[in-house]
Amino acid sequence: MIRLVASDIDGTLLQGDAKTLPEALFPLIRRLAQQGIAFCAASGRQYTSLRRLFAPVADEIYYLCENGAIVYGKGEAAPVLGKTAMDRALAEQLIGEIVARPECEVLISGANISYLMPKAQEVVTHIRDFTGNNIVLIHSPEEIQEEIIKVSAFCVPDTRKTEAELAPKWNRHFRGAVAGLQWLDFTLADKGVGIRTLCQSLNILPEEVMAFGDNFNDVPMLETVGHPVLMETAHPALLARFPVQCGNVPAFLENRFFKE
């Protein structure tokens, strides 16, 4: 029995350069709810960004944000169901190393603010206008007056060099994961931690969850749930690990739950 559906966003529900979710998804979420199946957006994105994407059903779903570092319940004034903060001194050291790399910009996540120390305007435009995050520009991480829950490197042209040089050191302290072509995320939590937090809050077993993902930061969630589904566009190494695959999440859900 499936009681919760969780889905990654970028590369999973949002394909290619799409900026808006498939319209077919929103009535599906409501139809799932009528069958007693909750829906959770599970993403590296910020809470505000996710609520904007899911505007037609924003108060009707759960949110696993910042790769599981913070989980929100339902409703306009949604409660925080769980938050996992990074060690402040270590996070600031990691931020310094990312800023020192000429190929990287840094994004520092609080509960619902993205803090940027931009070297170029392009990263500000991308995070504010394309991703839709609340942003604050800072000169130093010491200016941040809240807990840090995620530190991300935005890498040009891609994450390969940065991951090879940063991950071996920092994975001793945090969970590093490639979250897209140009994104390398570090958190103390992961999507597996986030989905277990949500399951505990809802009194649902992980075996009763279906989850969709496409990238390495989705692996902890896919390994945790009873019904993992991988996108057909995923890395070959992941395709070999997760045999149930799909090309379109709304179509998969329609066929799985509503096909006569």
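In case you missed it, the structure is sitting above this.
Here is what the cut-offs are and how they apply
- Residues numbered from 1 in each chain as written.
- Predicted model: local features only at pLDDT ≥ 70, side-chain atom pairs only at ≥ 80, totals over all residues.
- Heavy atoms only, no water.
- Helix = DSSP H or I, 4+ residues; strand = E, 2+ residues; numbered from the N terminus.
- Rg over C-alpha atoms; globule rule 2.2 N^0.38 Å.
- Buried < 20%, exposed > 50% of the residue type's maximum accessible area, 1.4 Å probe, protein only.
- Contact = heavy atoms within 4.5 Å.
- Areas by Shrake-Rupley, 256 points an atom, 1.4 Å probe, with all protein chains shown as cover.
- Lys, Arg positive; Asp, Glu negative; His and termini not counted.
- Charge placed at Lys NZ, Arg CZ, Asp CG, Glu CD.
- Polar contact = N/O pair within 3.5 Å; in protein donor to acceptor, adjacent residues only side chain to side chain.

## Things to note about the overall build of the protein chain
Next up, step 1: For the protein chain, the count of helices and strands is nine helices and 14 strands.
Next up, step 2: Taken against the 2.2 N^0.38 rule, which gives 18 Å for 260 residues, the C-alpha radius of gyration of the protein chain at 18 Å falls within 12% of a compact globule.
Next up, step 3: For the protein chain, the C-alpha atoms occupy an extent of roughly 55 × 40 × 30 Å along the three principal directions.
Next up, step 4: Taken over 260 residues, the protein chain has a buried fraction of 54%.
Next up, step 5: For the protein chain, long-range pairs separated by at least 24 residues make up 58% of all intrachain contacts whose partners lie at least 6 apart in sequence.
Next up, step 6: As displayed, the protein chain offers around 11400 Å² of accessible surface, 53% of which is attributable to carbon and sulfur atoms.
Next up, step 7: Distance between charge centroids for the protein chain: 2 Å, based on 24 positive and 32 negative side chains.

## Focus on the environment of Cys40
Next up, step 1: Of note, Cys40 is situated in strand β2 (residues 38-42).
Next up, step 2: For the pair Cys40 and Cys65, spaced 25 residues apart in the sequence, the C-alpha separation amounts to 9.9 Å.
Next up, step 3: With residues near it in sequence (within four places) discarded, Cys40 still touches Leu4, Val5, Ala6, Ser7, Tyr62, Tyr63, Leu64 and Leu198.

## Quick word on the environment of Thr162
Next up, step 1: Position of Thr162 relative to the elements: it lies in helix α5 (residues 160-170).
Next up, step 2: Along the backbone, Thr162 and Asn67 are 95 residues apart, and their C-alpha atoms lie at a distance of 19 Å.
Next up, step 3: Setting aside its immediate chain neighbours within four residues, Thr162 contacts Arg101, Glu103, Cys104, Ala153, Cys155, Ala167 and Leu184.
Next up, step 4: Within polar-contact distance, the side chain of Thr162 engages the side chain of Glu103 at 3.0 Å.

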